[in-house]
Structure formats: C-alpha cells, structure tokens
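# Coordinate analysis (summary)
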Amino acid sequence: MNTFLPIQIIFLVFLIFALSRVFLRVREGNLTLGAFLFWLSLWILAIFSILNPEFTSHLAKVIGIGRGTDVVIYASIVILFYLIFRTNVMLENIRHEINKLSSLVAIKSINKKKSSKK
C-alpha cells in the first residue's frame, strides 16, 4: 500500500466535499442532468488522478504533452474558459429577460394610467 502525501489528502478531502455538494444539489433539484453528469465526471476524474498520479503522466504521453501536471493545468484552463463562457451566456440571457420584463411592466403601468384617466 502506498502512502499519500499531505497535499493528496487535502485534495481528496476537498474533492469528496465537492462531490457531496453535487449530489446535494441534484437532490434539491438545483442541477440539471447534464450539469450533474459534467460535475460528477469531473470530480471523479480528479479523485482518480489524485489516487493514481501515474494516470496523468500516461495521459500526457498519449496526447504528446511532457508532464502529467501540464495536462491537468491545460485541462483546467480549458474547463475554466468554457465555464466562463457559459456563465456569460447565461448572464446575457438573464439581462435580456429582465429587459423584456421591465418593458412589459412599464407598458402595463402606462396602460393602467390611461385607463384610470378615462
């Protein structure tokens, strides 16, 4: 049995906590199936990589990158950019919805004032 480094233990505790939050959010109904599968696979892959560090080194060799650490960093950057993109799209959609709703409220308010003057 191999011994774990302190950083591996810290990461494992955090990853297990993050995984528990995914299950909690699904149980509460706050997470779609697609989001659930994304986060579940991401955290399980991270846990597997912590428990078996040779996996990232092997993956790095397969895809032509020097070190396993570099694979993790590159993948993290790509995932972060994707999540930022998704967040920006969601915020833009919310902005459009708020704009529509405020326009409808303003029109309703004007119509109400016109009908009360008659």
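Reading the values: rules and limits
Residues numbered from 1 in each chain as written. Predicted model: local features only at pLDDT ≥ 70, side-chain atom pairs only at ≥ 80, totals over all residues. Heavy atoms only, no water. Axes fitted to C-alpha atoms, helices over the stretch in contact; angles between N-to-C directions. Helix = DSSP H or I, 4+ residues; strand = E, 2+ residues; numbered from the N terminus. Parallel < 35°, antiparallel > 145°, perpendicular 65-115°, else oblique. Left-handed = near helix turned anticlockwise from the far one by under 90°. Contact = heavy atoms within 4.5 Å. Nonpolar A, V, L, I, M, F, W, Y, C, P; charged D, E, K, R; others polar. Patch = residues over 30% accessible without salt bridge, like charges linked within 9 Å, V, L, I, M, F, W, Y side chains within 5 Å. Areas by Shrake-Rupley, 256 points an atom, 1.4 Å probe, with all protein chains shown as cover. Salt bridge = Lys/Arg side-chain N within 4 Å of Asp/Glu carboxyl O. Buried < 20%, exposed > 50% of the residue type's maximum accessible area, 1.4 Å probe, protein only.

## Some details on the packing of helix α1 (residues 6–28) against helix α2 (residues 33–51)
At a minimum axis distance of 10 Å, the contact between α1 and α2 shows a crossing angle of 165°. Classified by the interaxial angle, the pair formed by α1 and α2 is roughly antiparallel. As α1 runs across α2, the sense of the crossing is left-handed. Every residue of α2 that contacts α1 at Gln-8, Phe-11, Leu-12, Phe-14, Leu-15, Ile-16, Ala-18, Leu-19, Val-22, Phe-23 and Val-26 is listed here: Phe-36, Trp-39, Leu-40, Trp-43, Ile-44, Ala-46, Ile-47, Ile-50 and Leu-51. When its residues are assigned to classes, the contact of α1 with α2 shows 19 nonpolar, one polar and no charged.

## Overview of a nonpolar patch on the surface
Residues Ile-73, Tyr-74, Ile-77, Leu-80, Phe-81 and Ile-84 make up a contiguous nonpolar surface patch of about 610 Å² in total accessible area. Relative to the elements of secondary structure, Ile-84 occurs in helix α4 (residues 68–117). Classification of Ile-84 by relative accessible area gives partly exposed; the value is 48%.

The quantities given are spatial measurements derived from coordinates; they are silent on function.
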